[in-house]
Amino acid sequence: TRPTILALVYYGCTAECNTLLDDLAGALLEVSQKPGADYQVIAVSFDETENPAMAGRKRDNVMKLLGPTFPRDAWLFLVGDGKNIEALTRLVGFHFMRKDGAFVHSTALVFMAPGGKIVRYLHGAPHLPAEISLALTEAETGRAGVSTRKMLSYCFSYDPVSRRYTTDILRIAGLVITVAVIVLLIVL
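The sections below set out a description of the structure shown in this document. (Residues numbered from 1 in each chain as written. Predicted model: local features only at pLDDT ≥ 70, side-chain atom pairs only at ≥ 80, totals over all residues. Heavy atoms only, no water.)

## Looking at the packing of aromatic side chains
Here comes step 1: Applying the stated rule across the entire model yields 10 aromatic pairs.
Here comes step 2: Look at Trp75 and Phe77: their rings are 5.4 Å apart centre to centre, the planes differ by 10°, and that puts the pair in the stacked class. There is no split in this pair, since Trp75 and Phe77 are both buried.
Here comes step 3: Taken together, a centroid distance of 6.2 Å and an interplanar angle of 35° make the contact between Phe94 and Phe96 tilted. (Phe/Tyr/Trp six-rings, centres within 6.5 Å; stacked < 30°, edge-to-face > 60°. Buried < 20%, exposed > 50% of the residue type's maximum accessible area, 1.4 Å probe, protein only.)

## Considerations on the packing of helix H1 (residues 16-28) against helix H2 (residues 52-66)
The packing of two helices is summarised by the inter-axis angle and the distance between the axes.
Here comes step 1: The N-to-C vectors of H1 and H2 enclose an angle of 35°; their axes lie 9 Å apart at closest approach. You can see that H1 and H2 cross each other, and the crossing is right-handed. Touching Asn18, Leu21, Asp22 and Ala25 of H1 are Lys58, Val62, Leu65 and Leu66, all from H2.
Here comes step 2: Considering only residue class, the contact of H1 with H2 consists of five nonpolar, one polar and two charged. (Axes fitted to C-alpha atoms, helices over the stretch in contact; angles between N-to-C directions. Helix = DSSP H or I, 4+ residues; strand = E, 2+ residues; numbered from the N terminus. Left-handed = near helix turned anticlockwise from the far one by under 90°. Contact = heavy atoms within 4.5 Å. Nonpolar A, V, L, I, M, F, W, Y, C, P; charged D, E, K, R; others polar.)

## Considering the pairing of strand E4 (residues 96-99)
Here comes step 1: Alignment of E4 against strand E5 (residues 102-105), held across four bridges, turns out to be antiparallel. When the sheet's bridge partners are listed, Lys99 is paired in E5 with Ala102.
Here comes step 2: The hairpin turn running from E4 into E5, its antiparallel successor, is two residues long, and Asp100 in that turn takes a positive phi close to 55°. (Pairing = 2+ DSSP bridges.)

## Some words on the nonpolar core
One recurring pattern in soluble globular proteins is that nonpolar side chains are buried together.
Here comes step 1: Within the largest apolar cluster, 45 residues are counted, with the highest numbers of intra-cluster contacts made by Ile5, Leu28, Trp75, Leu109, Phe111 and Ile132.
Here comes step 2: Looking at this core element by element, the count peaks at seven residues for H1.
Here comes step 3: Apart from residues no more than four positions distant in its own chain, Ile5 is found in contact with Leu24, Leu28, Tyr39, Gln40, Val41, Ile42, Leu109, Val110, Phe111, Ile132 and Leu136. (Core = buried A, V, L, I, M, F, W, Y, C linked by side-chain atoms within 4.5 Å.)

On their own, these measurements won't tell you what the molecule is for.
Structure (structure tokens):
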């Protein structure tokens, strides 16, 4: 089969879950891997009270962000009963708690190799397309690599005007100069 990105969310969420799904949709538009052929995405609600109609509405909203070229069958939106949700969340190490009619939960994307081996967790949002692409490559090979999120986030800055990440030349230049000075001191 193919690598899988698992997003554990609840469709009635008004904050983190929407941000995670919208961010993922935006990042997937910029990765080199082809949806459906090179990977699949599965969003699963951890709220056992949600139904297929709610999942369908969320799917329609996300598909609008992705546009008509993204294959509809490359991203599944699922619901389940309490027993299956508990088994899945326990299996991937995802914890949540119902509180005052909502949920207290973390946000994470789980990248799995064909066969189900977890190779990477990407916590929070936003995620750089390069970060998603690297995690998919690791999932394809079935080998987990060292996290590059901190390095990538150091080299890129978010531009609120264009609503995109841009290369931070000043930081990269500072890093190159620092490494050059260290190498020079070692040589001397």
